[in-house]
Amino acid sequence: MLKIVYQNGTSHETIDYKSAADFMANQRLEVPDLEDYYKIDSVTLDGKPIELDDKTIIGLYKKFDNEGD
């Protein structure tokens, strides 16, 4: 389970995906769940925190994309 806590304007919201692959597939949609520029407060994959250099949705996407190479 991928859990993302992010900022949407002034509010903090949480969204869950079954896997990193599900998150990436959703981000490729014409209208994804999350905007690329949303700032991430925290993200965990199977309960383990993920460290990000770029703490945005696009930064998380790029991290998973690079790990898939």
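What this report covers is the structure whose coordinates are included nearby.

## Observations concerning the pattern of salt bridges
Right, so step 1: Tallied over the entire structure, the rule returns one salt bridge.
Right, so step 2: Note that Glu67 and Lys63 form a salt bridge whose closest N and O atoms lie 3.3 Å from each other. Taken together, the residues span about one helical turn, with Glu67 and Lys63 both in helix α2 (residues 57-67) at a distance of four residues.

## Side note on α2
Right, so step 1: Along α2, the positions that sit buried rather than exposed are Ile57, Gly59, Leu60, Tyr61 and Phe64.
Right, so step 2: Of the surrounding elements, those touching the buried residues of α2 are β1 (2-8), α1 (20-27) and β3 (39-45).

## A word on the packing of aromatic side chains
Right, so step 1: Considering all chains together, one arrives at four aromatic pairs under this definition.
Right, so step 2: Note on Tyr6 and Tyr38: the rings are 5.3 Å apart at their centroids and 10 degrees apart in plane angle, and the pair reads as stacked. Placement of Tyr6 in strand β1 and of Tyr38 in the loop between α1 and β3 is noted, with a sequence separation of 32 residues between them.
Right, so step 3: For Tyr6, a relative accessible area of 6% gives the class buried.
Right, so step 4: A ring pair is formed by Tyr37 and Tyr38, whose centres lie 5.3 Å apart and whose planes are at 85 degrees; its orientation type is edge-to-face.

## Overview of unusual backbone geometry
Right, so step 1: Phi at Asp46 is positive, roughly 55 degrees, even though this residue is not glycine.
Right, so step 2: Turning to its location among the elements, Asp46 is positioned in the loop between β3 and β4 (48-49).
Right, so step 3: Asp46 gets classed as exposed once you look at its relative accessible area, which sits at 59%.

## Regarding the environment of Met24
Right, so step 1: Locating Met24 in the fold gives a position in helix α1.
Right, so step 2: A C-alpha to C-alpha distance of 6.3 Å links Met24 and Tyr61, two positions 37 residues apart in sequence.
Right, so step 3: Beyond its immediate sequence surroundings of up to four residues, Met24 is in contact with Tyr61, Phe64 and Asp65.

## Re the environment of Lys63
Right, so step 1: Since its relative accessible area comes to 27%, Lys63 is described here as partly exposed.
Right, so step 2: Remark: the alpha-carbon pair of Lys63 and Ala25, spanning 38 residues in sequence, is separated by 14 Å.
Right, so step 3: Dropping the residues within four chain positions of it, Lys63 is found in contact with Ile50, Glu51 and Leu52.

Scoring rules and cut-offs
- Residues numbered from 1 in each chain as written.
- Predicted model: local features only at pLDDT ≥ 70, side-chain atom pairs only at ≥ 80, totals over all residues.
- Heavy atoms only, no water.
- Salt bridge = Lys/Arg side-chain N within 4 Å of Asp/Glu carboxyl O.
- Helix = DSSP H or I, 4+ residues; strand = E, 2+ residues; numbered from the N terminus.
- Buried < 20%, exposed > 50% of the residue type's maximum accessible area, 1.4 Å probe, protein only.
- Contact = heavy atoms within 4.5 Å.
- Phe/Tyr/Trp six-rings, centres within 6.5 Å; stacked < 30°, edge-to-face > 60°.

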